[in-house]
Amino acid sequence: MTNEAIPNLTAFDEAALDKAFAALEAQAREAARALDGEAAVEAFRLEWLGRKQGRLNEVSGRWLKAAPPEAKKALGVRFNALKAVVEGLLDAALGAGPSEAALKAEAIDITLPGTRRLIGAEHPITRTMIEIVNVFAALGYSVGVGPEVETDYYNFECMNFPPGHPARDTQDTLVVAGQERRPLRDRLLLRTHTSPVQMRTMEQQPPPVRIVIPGKVHRNDAADATHSPIFHQVEGLCVDTNITFSDLKGTLDHAMKALFGSTVKTRFFPSFFPFTEPSADVQISCIFCGGKGCRKCKQSGWIELLGCGMVDPAVFAFAAEKQPAYDAKQISGFAFGMGVERIAMMKYGISEIGQFFAGDMRFLSQFV
Ligand code: PHE
């Protein structure tokens, strides 16, 4: 409703003043009752309390000026009372919070289902890595880790790679830039395998050692369906007195059966790694055709899965620089290393390694 204009006052006796102020108070109360929203409250404040055009300003200007001296006090008392009422109405309107309409618009229906949050899950690589580690943990192995940015010494030199070995070429290895002024052994690179953690472990503790080392490795490889410049390995190292190749075979045969099922067979092929002698590649009977021959195993019935061998005495010699108990005349050991992606691809029937790193929820949610 619009307020009536402020009338001129002609009578200044108490009764006339009471009546005039009561009329204004009634108007203010009615206006305040209709207030809905911040803008309306601000309009009410300007209308009644505005310094220049506010109604109270007009009242004090016109009525007080027109009043005879003896009525000024009675008028002033009533004016102050009215002002207090208007200010109270304003305070109440400001403190009242949102109007009923606003509340209704904001109200939530608690019977509706809530917004669903996706629950995180282990990435298939993490899951496979943990599964492999657990197989060895059950055999009494502990778990070790090492840095992904490694020195040439740990990645290559102490692992018995000769100086001109092709893996040391930047064609194969990603190196940290600007290292040329350092001695070769201190230059930093992204580790190409988890094997450097073998040496880091032996430097920290005398034999016996039984450890598995899960981790990320990098190679300067072009990506294709089965290669990625970043991938994961699980390394293993066992050093004690009288460790033989039979122990290596029995351990890995057990591990492959634990990972792929008890009907899986293993076979060991001669191979070469600078840090093991003799070295072998381990093949498992094809888990897709059971060994009969299929497309997956290229009709051979076997799938190559990991590298292994007996720790080369030259590696023990490097370890003995810090821990003399690694004396190749007293102890022996075996080591192995396997690619986690390759194992996960076989276990879950994945044909593109890139799927692991693409972050596509349609792929990942299969593993929840
Ligand atoms: N480090 C080797 C690789 O990355 C794997 C391996 C580990 C082989 C331990 C033998 C012993 O290919």
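Cut-offs and rules
Each chain carries its own residue numbering, running from 1 in the written order of its sequence. Per-residue local features of the predicted model are confined to residues with pLDDT of at least 70, and side-chain atom pairs are confined, for both listing and counting, to 80 or more; whole-chain, interface and lining totals are unaffected and use all residues. Only hydrogens and water are set aside when side-chain values are computed; all heavy atoms of the structure are taken into account. Each reported salt bridge corresponds to a side-chain nitrogen of Lys or Arg within 4 Å of a carboxyl oxygen of Asp or Glu. In this text, helices come from DSSP runs of H or I with a minimum length of four residues, and strands from runs of E with a minimum of two, each type numbered from the N-terminal end. Burial classification: accessible surface area is computed with a 1.4 Å probe over protein chains only, and a residue below 20% of its type maximum counts as buried, one above 50% as exposed, and the rest as partly exposed. The cutoff for a nearby residue is simple: one of its non-hydrogen atoms must lie within 4 Å of the molecule or strand. Whenever two N or O atoms come within 3.5 Å, that pair is a polar contact, provided that in protein one can donate a hydrogen and the other can accept it, and provided that, for residues adjacent in sequence, both atoms are side-chain atoms. Shrake-Rupley sampling with a 1.4 Å probe provides the accessible areas, and residues are treated as covered by the protein chains on show and by no other component. Axis geometry follows a simple rule: fit a line to the C-alpha atoms, using only the stretch in contact for helices, then measure angles between N-to-C directions, giving values from 0 to 180 degrees. Here the angle decides the label: under 35 degrees means roughly parallel, over 145 means roughly antiparallel, 65 to 115 means roughly perpendicular, and every other value means oblique. Throughout, a residue-residue contact means that at least one pair of heavy atoms, one from each residue, lies within 4.5 Å. The classification used treats Ala, Val, Leu, Ile, Met, Phe, Trp, Tyr, Cys and Pro as nonpolar, Asp, Glu, Lys and Arg as charged, and all other residues, Gly among them, as polar. Here a pair means two rings of Phe, Tyr or Trp (six-membered ring of Trp) with centres within 6.5 Å. Their orientation is stacked below 30 degrees between planes, edge-to-face above 60, and tilted elsewhere. A ring has a charge above it when a Lys NZ or an Arg CZ is no more than 6 Å from the ring centre and no more than 35 degrees off the ring normal. DSSP-based pairing: two strands are paired if at least 2 bridges between them are found. An automatic or database domain assignment supplies the residue ranges for each domain.

Our focus in this paragraph is the pattern of salt bridges. Applying the stated rule across the entire model yields 13 salt bridges. For the salt bridge of Glu-58 with Arg-62, the shortest nitrogen-to-oxygen distance reads 2.5 Å. Of the two residues, Glu-58 and Arg-62 both sit in helix α3 (residues 55-66), four residues apart, roughly one turn of that helix. For Glu-58, a relative accessible area of 33% translates into the label partly exposed. A relative accessible area of 31% means that Arg-62 is categorised as partly exposed. Here Asp-152 ties to Arg-168 by a salt bridge, and the two come within 2.6 Å at their closest N and O atoms. Of this pair, Asp-152 sits in helix α7 (residues 152-155) while Arg-168 sits in the loop between α7 and β3 (188-190), and the two are 16 residues apart along the sequence. For the pair Asp-152 and Arg-168, a shared accessibility class is recorded, and that class is buried.

Near the ligand lie 14 residues; those nearest to it are His-193, Ser-195, Arg-219, Gln-233 and Glu-235. In this structure, an oxygen atom belonging to the ligand sits 2.9 Å away from a side-chain N or O atom of Gln-233. Protein contact buries 89% of the 330 Å² of open area that the ligand shows by itself. Put simply, the parts of the chain that give the shell around the ligand at least two residues each are β5 (230-240), β8 (302-311) and β9 (332-339). Ranked by residues supplied to the shell around the ligand, first place goes to β9 with three residues.

Below, the discussion takes up the packing of helix α1 (residues 14-33) against helix α4 (residues 72-95). Helix-helix packing is described using two parameters, namely the angle between the two axes and the distance between the axes. Packing of α1 against α4 brings their axes to within 10 Å, and their N-to-C directions diverge by 10°. In terms of their interaxial angle, α1 and α4 are classed as roughly parallel. Where α1 abuts α4, its residues Glu-14, Leu-17, Asp-18, Phe-21, Leu-24, Glu-25, Ala-28, Arg-29 and Ala-32 lie against Ala-74, Leu-75, Arg-78, Phe-79, Leu-82, Val-85, Val-86 and Leu-89. Residues belonging to the contact of α1 with α4 are distributed by class as follows: 12 nonpolar, no polar and five charged.

Further remarks concern the packing of aromatic side chains. Following the criterion strictly, the structure yields 16 aromatic pairs and no others. Each ring, one from Phe-156 and one from Phe-161, has its centre 5.0 Å from the other, and the planes form 70°; the classification is edge-to-face. Each member of the pair Phe-156 and Phe-161 is classed as buried. By the ring-pair criterion, three or more aromatic residues cluster together here, those being Tyr-348, Phe-356, Phe-357, Phe-363 and Phe-367. For the cation-ring pair, Lys-296 lies above Phe-288, with the distance from its terminal atom to the ring centre recorded as 4.3 Å.

Time to look at the sheet that holds strand β1 (residues 142-143). Strands sit in the order β1-β4-β5-β9-β8-β7-β6 across an open sheet of seven strands; the sheet is mixed. Unpaired on one side and paired on the other, β1 and β6 (266-273) mark the two borders of the sheet. In the packing of helix α10 (residues 313-320) onto the sheet, contacts are made with β5, β8 and β9, and the angle to β8 comes to roughly 50°.

By the assigned domains, the protein splits into domain 1 (3-105) and domain 2 (124-367). Each of domain 1 and domain 2 has a C-alpha centre, and these two points are 86 Å apart.

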